[in-house]
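# Structural description and commentary
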Amino acid sequence: MSTTARQLRGKAARLARLLPSGPSSAARTPFVLLVVLLLSGGLITLLLLNSSLSQGSFRLSELKKRTTELTDQQQALQRDVDGRSAPDALARRARELGMVPGGSPAFLDTDGTVRGVPGEATAPPPPPSATTPSSGAADTEKDPAAEPSAPASATPGADPGPGASPAPSAEPSPTPSPTSSGR
């Protein structure tokens with residue numbers, strides 16, 4: 001036993017044996033440096049991770065805002081397309097371009113026979129316009145290019161109408177003949 005433990009007796013001697021004797025600060029220095037390095041490395045990693053997450057959050061909010069703007073723009077364009085593709089808007093635009101509604105259609109069967117009697121497209125009469133004294137002078141100076149073209153029935157070789165007899169042609173008969181049924 002050591003000289004110090006010999007001088008102490010009883011409980012004090014037992015306690016003195018539990019305490020280390022001699023200089024122990026040299027053994028603690030590498031451990032303390034290791035703990036300080038681990039803590040500072042963890043804090044730096046945590047700081048970098050936090051800044052990266054906040055940068056991603058800002059980018060995400062910018063992208064959400066841009067998505068909202070683009071969605072609004074797409075919906076506005078879709079409303080515009082829907083408005084222009086409505087039947088009444090299409091009919092009005094077709095009239096502005098000088099188009100007329102089609103006549104009765106004819107259909108071709110797979111064997112080449114024609115079903116139905118095709119009709120000619122004729123322009124409906126223009127709607128009556130209410131003339132006022134101030135607009136009478138403007139009506140006489142209409143642009144000739146803005147007037148609708150002549151009806152299709154004025155073209156040579158066109159169908160003369162429902163009451164007239166058609167001119168003979170080399171086209172097949174519009175109604176199927178009893179001998180041409182291949183079914």
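Please read all numbers here as calculations on a predicted model, not as lab measurements.

## A look at the overall build of the protein
Along the backbone of the protein there are five helices and two strands. When the helices and strands of the protein are read in sequence order from the N terminus, they spell out α-α-α-α-β-β-α. Put simply, the protein has 183 residues, and 3% of those count as buried. In the protein, the proportion of contacts linking residues at least 24 apart, taken out of those at least 6 apart, comes to 40%. Split by element, the accessible area of the protein, about 16,200 Å² in all, is 63% carbon and sulfur.

## Describing a nonpolar patch on the surface
On the surface, Phe31, Val32, Val35, Val36 and Leu39 cluster together to form a nonpolar patch covering roughly 460 Å² of accessible area. Residue position: Val36 is located in helix H3 (residues 25-84). In this structure Val36 comes out as partly exposed when scored by relative accessible area, which is 48%.

## Notes on the pattern of salt bridges
One pass over the full model with this rule turns up four salt bridges. Of the charged contacts in the structure, one is a salt bridge between Arg66 and Glu69, with a shortest N-O distance of 3.9 Å. With a gap of three residues between them, Arg66 and Glu69 both fall in helix H3, about one helical turn apart. Residue classification places Arg66 among the partly exposed positions, given a relative accessible area of 46%. For Glu69, a relative accessible area of 41% corresponds to the partly exposed category.

## A word on the confidence of the model for the protein
On average, residues of the protein score 74 in pLDDT, and 62% of them reach the 70 mark or higher. Within the protein, no element has a lower average pLDDT than helix H5 (residues 136-140), which sits at 48, and none a higher one than H3, at 94. Within the model, the stretch residues 135-174 combines pLDDT values under 50 with 15 contacts to residues more than four positions away or in other chains. Below a pLDDT of 50 lies the segment residues 176-183, which in the model reaches nine contacts outside its immediate sequence neighbourhood of four places, other chains included.

## Considering the environment of Arg84
Looking at the secondary structure, you find Arg84 in helix H3. When residues no more than four places from it in sequence are discounted, the contact partners of Arg84 are Ala89 and Leu90.

Scoring rules and cut-offs
- Residues numbered from 1 in each chain as written.
- Predicted model: local features only at pLDDT ≥ 70, side-chain atom pairs only at ≥ 80, totals over all residues.
- Heavy atoms only, no water.
- Helix = DSSP H or I, 4+ residues; strand = E, 2+ residues; numbered from the N terminus.
- Buried < 20%, exposed > 50% of the residue type's maximum accessible area, 1.4 Å probe, protein only.
- Contact = heavy atoms within 4.5 Å.
- Areas by Shrake-Rupley, 256 points an atom, 1.4 Å probe, with all protein chains shown as cover.
- Patch = residues over 30% accessible without salt bridge, like charges linked within 9 Å, V, L, I, M, F, W, Y side chains within 5 Å.
- Salt bridge = Lys/Arg side-chain N within 4 Å of Asp/Glu carboxyl O.
- pLDDT = per-residue confidence, 0-100.

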